[in-house]
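Structure assessment
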Amino acid sequence: HALPADGSVDFAIDRASPLFEFQSGRSFFHAFRLPEANAAYVVEIRSFLDDAASPRSARVFYPVVAVLTDDFLVSRATDLDALRFDLPMLEQATAPAYRLRLPFNPAGTRERYVVVYTPAPLFAARGVQVTTPASAAEAARNAYLGAAPFGRLRITLRTAAGGEPEPAV
């Protein structure tokens, strides 16, 4: 699917999505072709929580991105540390979601595609060792509670504002 030069596309990653064996394991994914652009821009991906009102049953697709060149080689990739959580009352969020921002500068680059997927190890059962308050906080941060292999997402492309700092990748 081609991304618009400016605007948003809502999409779902579900059982009908393609499945691929990424470096982190098998994941359903969605791929987008980046638009031809002359100016720097930002791609923002939001993954919305399902059943967000119930912390026990809330589920979310934790998105990571591989950026591919015109010959389909990975030029860069994000990890889970790049995700930020948005609540509806903050920023532009309309629903609880995890947000990922990626800066692009088309000058001198061959980056042409973004592939959105989730790391397979998030679904592996793992023993959580909690012995101190600090280890409890660390366990909660690393647990990625409610990780789901499917989700509702929105990808937005907008021109980078002149004074906007480059988001960390």
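Numbering of residues begins from 1 in every chain and follows the order in which that chain's sequence is written. Local features in this predicted model are restricted to residues of pLDDT 70 or higher, and side-chain atom pairs are both shown and tallied only at a pLDDT of 80 or more, whereas totals for entire chains, interfaces and linings draw on every residue. To get the side-chain values, take all heavy atoms of the structure and skip hydrogens and water.

**With respect to the sheet that holds strand β6 (residues 64-69)**
- Strands are treated as partners if at least two bridges between them are detected by DSSP. For the purposes of this entry, the term helix denotes a DSSP run of H or I that reaches at least four residues, the term strand denotes a run of E that reaches at least two, and both are numbered from the N terminus. Taken together, four strands build an open sheet; the order of strands is β4-β10-β6-β7 and the sheet is antiparallel. Two strands close off the open sheet at either side, each with one partner strand: β4 (30-33) and β7 (74-77). Taken pair by pair, the neighbouring strands of this sheet meet at an average axis angle of 20°, ignoring direction.
- By the bridge criterion, six bridges tie β6 to strand β10 (residues 111-117) in an arrangement that is antiparallel. From the neighbouring strand, A66 faces β10, where its bridge partner is V115. As a rule, the C-alpha atoms of each element are fitted with a line to give its axis, helices using only the stretch in contact, and angles between N-to-C directions run from 0 to 180 degrees.

**Description of unusual backbone geometry**
- Phi is positive for F72, which is not a glycine, with a value near 65°.
- Following the sequence through the fold, F72 ends up in the loop between β6 and β7.

**Some words on the sheet that holds strand β9 (residues 97-104)**
- One open sheet accounts for five strands, arranged β1-β11-β5-β9-β8; its pairing is antiparallel. Where the open sheet ends on each side, the last strands, each with one partner, are β1 (7-13) and β8 (84-86). Across the sheet, the mean angle from the axis of one strand to that of its neighbour is 30°, orientation sign disregarded.
- Alignment of β1 against strand β11 (residues 151-159), held across seven bridges, turns out to be antiparallel. Considered in β11, the bridge of G7 is made with L157.

**Some remarks on the packing of aromatic side chains**
- Under the pairing criterion, centres of Phe, Tyr and Trp rings, with the six-membered ring standing for Trp, must be within 6.5 Å; the plane angle then separates stacked pairs below 30 degrees from edge-to-face pairs above 60, leaving the rest tilted. Applying the stated criterion across every chain yields a total of ten aromatic pairs.
- A ring pair is formed by F20 and F22, whose centres lie 4.9 Å apart and whose planes are at 75°; its orientation type is edge-to-face.
- Summary of the burial criterion: residues with accessible area below 20% of their type's maximum are buried, those above 50% are exposed, and those between are partly exposed, where the area comes from a 1.4 Å probe applied to protein chains only. Judged by its relative accessible area of 11%, F22 falls in the buried class.
- Ring geometry for Y62 and Y98: centres 5.0 Å apart, planes at 55°, overall tilted. Of this pair, Y62 sits in the loop between β5 (41-48) and β6 while Y98 is found in strand β9, placing the two residues 36 residues apart along the sequence.
- Judged by relative accessible area, which is 4%, Y62 ranks as buried.

**What about the environment of V9?**
- Structurally, V9 can be placed in strand β1.
- With 147 residues separating them in the primary sequence, V9 and T156 have C-alpha atoms 6.5 Å apart.
- In contact with V9, not counting residues within four places along its chain, are L3, P4, F32, L153, R154 and I155. The contact criterion used throughout is that any non-hydrogen atoms of two residues lie within 4.5 Å.

**Structural notes on the pattern of salt bridges**
- In the sections that follow, a salt bridge refers to a side-chain nitrogen of Lys or Arg positioned within 4 Å of a carboxyl oxygen of Asp or Glu. Using the criterion set out here, one finds nine salt bridges in the structure.
- Measuring nitrogen to oxygen at the nearest pair gives 2.6 Å for the salt bridge that ties R154 to D10. Separated by 144 residues along the polypeptide, R154 in strand β11 and D10 in strand β1 bring together distant segments of the chain.
- We classify R154 as partly exposed; its relative accessible area is 25%.
- When the shortest N-O distance is used, the salt bridge between E44 and R158 registers 3.6 Å. With E44 in strand β5 and R158 in strand β11, this residue pair connects regions lying 114 residues apart in the sequence.
- When salt bridges that share partners are traced, they join E44, R46, R101 and R158 into one network.

**Some details on the side chain of E44**
- Judged by its relative accessible area of 4%, E44 falls in the buried class.
- Counting of polar contacts relies on pairs of N or O atoms within 3.5 Å, with two restrictions inside protein: one atom must be capable of donating a hydrogen and the other of accepting it, and residues adjacent in sequence are counted only when both atoms are side-chain atoms. For E44, the side chain forms a polar contact with the side chain of R46, separated by 3.2 Å.
- If we skip the residues at most four places from it in the chain, E44 touches R99, L100, R101, R154, I155, T156 and R158.

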